[in-house]
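One letter stands for each residue in the lines below.
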Amino acid sequence: MKPDLFQSPDYYMLDDLLTEEHKLVRDSARAWVKKEVSPIIEEYAQRAEFPHQIVKGLGEIGGFGPYIPVEYGGAGLDQISYGLIMQEIERGDSGVRSTSSVQSSLVMYPIWKYGNEEQRMKYLPKLATGEWIGCFGLTEPDHGSNPGGMVTNFKDMGDHYLLNGAKMWISNAPFAQIAVVWAKNEEGRIHGLIVERGMEGFTTPETHNKWSLRASATGELIFDNVKVPKENLLPNKSGLGAPLGCLDSARYGIAWGAIGAAMDCYDTALRYSKERIQFGKPIGATQLQQKKLAEMITEITKAQLLTWRLGVLRNEGRATSAQISMAKRNNVNMAVEIAREARQMLGGMGITGEYSIMRHMMNLESVLTYEGTHDIHLLITGMDVTGFPAFK
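The rules behind each value
Within each chain, residue numbers correspond to sequence positions counted from 1 in written order. Only residues with pLDDT of at least 70 get local features here, since the model is predicted, and only at 80 or more are side-chain atom pairs given and counted; chain-wide, interface and lining totals rely on the full set of residues. Processing note: side-chain calculations cover all non-hydrogen atoms of the structure and skip hydrogens and water entirely. UniProt positions are given in the numbering used here, feature names are shortened, and annotations may be inferred rather than shown by experiment. Here an angle of 0 to 180 degrees is reported between the N-to-C directions of two axes, which are lines fitted to C-alpha atoms, with helices fitted over the stretch in contact. Runs of H or I in DSSP of at least four residues are treated as helices and runs of E of at least two as strands, each being numbered from the N terminus. An angle below 35 degrees is read as roughly parallel, one above 145 as roughly antiparallel, one from 65 to 115 as roughly perpendicular, and any other as oblique. Here a residue-residue contact requires only that any non-hydrogen atoms of the pair lie within 4.5 Å. Under this grouping Gly is polar, as are all residues other than the nonpolar Ala, Val, Leu, Ile, Met, Phe, Trp, Tyr, Cys and Pro and the charged Asp, Glu, Lys and Arg. For each residue, the accessible area found with a 1.4 Å probe, counting protein chains only, is set against the maximum for its type, and the residue is called buried under 20%, exposed over 50%, and partly exposed in between. When charges are counted, neither His nor the chain ends are considered; positive counts come from Lys and Arg and negative counts from Asp and Glu. Salt bridges are defined as contacts in which a side-chain nitrogen from Lys or Arg sits within 4 Å of a carboxyl oxygen from Asp or Glu. What qualifies as a polar contact is a pair of N or O atoms within 3.5 Å, subject to a donor-acceptor requirement within protein and to the restriction that residues adjacent in sequence count only when both atoms come from side chains. The term nonpolar core refers to a set of buried residues drawn from Ala, Val, Leu, Ile, Met, Phe, Trp, Tyr and Cys, joined through side-chain atoms within 4.5 Å. Patch construction takes residues with relative accessible area above 30% that form no salt bridge. Like charges are linked within 9 Å, and nonpolar side chains (Val, Leu, Ile, Met, Phe, Trp, Tyr) are linked within 5 Å. Under the convention used here, a 1.4 Å probe and the Shrake-Rupley method define accessible areas, while residue burial counts only the protein chains that appear. Each residue is assigned a bend, namely the angle between axes fitted to the seven residues that terminate at it and the seven residues that start at it. Segment limits for the domains were obtained from an automatic or database-derived domain assignment. Simply put, the buried area is the total loss of 1.4 Å probe accessible area from both parts when two parts are fitted together.

- As annotated in an unreviewed UniProt entry, the protein chain carries the name glutaryl-CoA dehydrogenase (ETF) and is attributed to Flavobacterium amnicola.
- Quoted verbatim from the Catalytic activity (unreviewed entry) field of UniProt, the annotation for the protein chain is "glutaryl-CoA + oxidized [electron-transfer flavoprotein] + 2 H(+) = (2E)-butenoyl-CoA + reduced [electron-transfer flavoprotein] + CO2".
- What UniProt states about the protein chain under its Sequence similarities (unreviewed entry) heading is, verbatim, "Belongs to the acyl-CoA dehydrogenase family."

Here it is as structure tokens:
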């Protein structure tokens, strides 16, 4: 494995906008990724296997719920710190960041925000260290962009709930100890339920043959008359707005994470352009390659400014769902385009596992789709500026 020589681009000196704590958190995550993720990730991606040995380290760098209060096992950090951690983890691999952000925003966040004190104390400390891994059950085989159409349901049986249905494309599902599952009650109202591995009728078959997020475990959640204790219902919020609130947090993390993938592709292409000699000079000395690199660093810088401002708004409690959608859509699309351009700059070498670019490129195709597709986020912005929903 080639050494990880990554150098983070900061063309507009945005480090000046960060606190010393922000930089310490980021640099700690960056050092951990260089030591623990970069040397092994290509091998695990080729094998389509999740590297379980990194889970403890993810917990130690704040990769699980860094903004969760200290009394529940979190680090009590702000939203910019959370974003910077996601950026560094995805610089290593989008699949590893998926594991981290699902745990943080889609499992710990709803338990913290929508759960009661007993649920917080039972689950959050173990999730924060990685002793337990969780997953988030919203998407169904027939209901992706329209989650409100879900058919997974539960009935009140007196001393417990009876849960039936299925969820699909669930990160962490194959090995998760708990699942935060969204289902409709008998009145059709959506609620969150904490389902634990070992409950009879609950299975998590793994999804195979993926060309993307190969180092991330994906699966299904199957509920066949699962008896869920009543104390496992999240009591403090219901309706579709509850899971969408979780997705706001996750999409915010993705907006930062995509920058990490883009920076890694740019840094790889820049270094290669200085070393690769054709026609008697480095390819970086040619106009077309400089055009690619100049456009890459411009788009990365714009995305950095967008997410920093969004982080400030999140810290102030002023960020809207539509603003988060804009950042997620813009930054992921930016990263996809940079990965494709960087791959071209490396020529045939760009498709090999000797470099990270093709792995990022394949991963980002999933990131472009999950937690709100590229087109859905466009329509969210369109609705926000016109007032007219155009989803159907």
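**What to know about the packing of helix α3 (residues 79-92) against helix α9 (residues 357-367)**
And step 1. At a minimum axis distance of 10 Å, the contact between α3 and α9 shows a crossing angle of 130°. Here α9 runs oblique to α3, going by the angle between their axes. Where α3 abuts α9, its residues Glu-90, Arg-91 and Gly-92 lie against Arg-359, His-360, Leu-364 and Val-367.
And step 2. Partitioning the contact of α3 with α9 into residue classes produces two nonpolar, two polar and three charged.

**Thoughts on the UniProt feature "domain: Acyl-CoA oxidase/dehydrogenase middle" (unreviewed entry) in the protein chain**
And step 1. Per the UniProt record, "domain: Acyl-CoA oxidase/dehydrogenase middle" (unreviewed entry) is annotated on residues 135-226.
And step 2. Across residues 135-226, the secondary structure splits into 0% helix and 48% strand, with the terminal C-alpha atoms separated by 17 Å.

**Quick look at the side chain of Lys-328**
And step 1. Locating Lys-328 in the fold gives a position in helix α8 (residues 321-345).
And step 2. It turns out Lys-328 is buried and unbridged, and the closest side chain with the opposite charge, Glu-371, is 7.2 Å from it.
And step 3. Separated by 3.0 Å, the side chain of Lys-328 and the backbone oxygen of Tyr-370 make a polar contact.
And step 4. Setting aside its immediate chain neighbours within four residues, Lys-328 contacts Arg-251, Ile-254, Ala-255, Val-367, Leu-368, Thr-369, Tyr-370, Glu-371, Gly-372 and His-377.

**Points about the nonpolar core**
And step 1. In this structure, Ile-111, Leu-124, Leu-127, Ile-178 and Trp-182 are the most contacted members of the largest nonpolar core, which totals 64 residues.
And step 2. Each residue touching Leu-124, except ones within four places of it in the same chain, is listed here: Ile-68, Tyr-72, Met-108, Ile-111, Trp-112 and Gln-119.
And step 3. Counting 33 residues, the second-largest nonpolar core is a separate cluster that includes Ala-262, Tyr-272, Ile-297 and Ile-300.

**Focus on the environment of Arg-343**
And step 1. Counting through the fold element by element, Arg-343 comes out in helix α8.
And step 2. Residue Arg-343 is classed as partly exposed on the basis of its relative accessible area, which comes to 22%.
And step 3. Sequence separation between Arg-343 and Met-361 is 18 residues; the distance between their C-alpha atoms is 8.3 Å.
And step 4. Setting aside residues no more than four positions away along its own chain, Arg-343 makes contact with Gly-350, Ile-351, Ile-357, Met-358 and Met-361.

**Considering the UniProt feature "domain: Acyl-CoA dehydrogenase/oxidase N-terminal" (unreviewed entry) in the protein chain**
And step 1. Taking the numbering used here, the UniProt-annotated feature "domain: Acyl-CoA dehydrogenase/oxidase N-terminal" (unreviewed entry) corresponds to residues 19-131.
And step 2. Taken as a whole, residues 19-131 contains 73% helix and 0% strand, while its terminal C-alpha atoms sit 30 Å from one another.

**Digging into a nonpolar patch on the surface**
And step 1. On the surface, Tyr-11, Tyr-12, Leu-17 and Leu-305 cluster together into a nonpolar patch covering about 440 Å² of accessible area.
And step 2. One can find Leu-305 in helix α7 (residues 287-315).

**A closer look at helix α4 (residues 94-114)**
Owing to its 3.6 residues per turn, the α-helix aligns residues three or four sequence positions apart on the same side.
And step 1. Along α4, the sharpest change in direction is near 35° and occurs at Met-108; proline Pro-110 comes one to four residues later.
And step 2. Of all 21 residues making up α4, 20 are buried, and the element is well covered by its neighbours.
And step 3. If you check the start of α4, you find a side-chain oxygen 2.8 Å away from the backbone N of Gly-95, and it comes from Asp-93.

**With respect to the domain arrangement of the protein chain**
And step 1. With domains assigned, the protein chain is organised as domain 1 (14-132), domain 2 (135-238) and domain 3 (241-386).
And step 2. Using C-alpha coordinates to define each centre, domain 1 is positioned 20 Å away from domain 3.
And step 3. Between domain 1 and domain 3, a total of about 2500 Å² is buried, with carbon and sulfur atoms accounting for 60% of that surface.
And step 4. Looking at the side of domain 1 facing domain 3, the largest losses of area belong to Glu-42, Gln-79 and Gln-87, adding up to 22% of the total buried there.
And step 5. Ionic pairing is found between Arg-359 and Asp-93, a salt bridge with its closest N-O pair at 2.7 Å.
And step 6. For the pair domain 1 and domain 3, the number of links is 15 residue pairs in polar contact (both at pLDDT 80 or more).
And step 7. Looking at the side of domain 1 that touches domain 3, the elements that each hand over two or more residues are α1 (20-47), α3 and α4.
And step 8. If you tally residues by element for the side of domain 1 that touches domain 3, the top one is α3, at ten residues.

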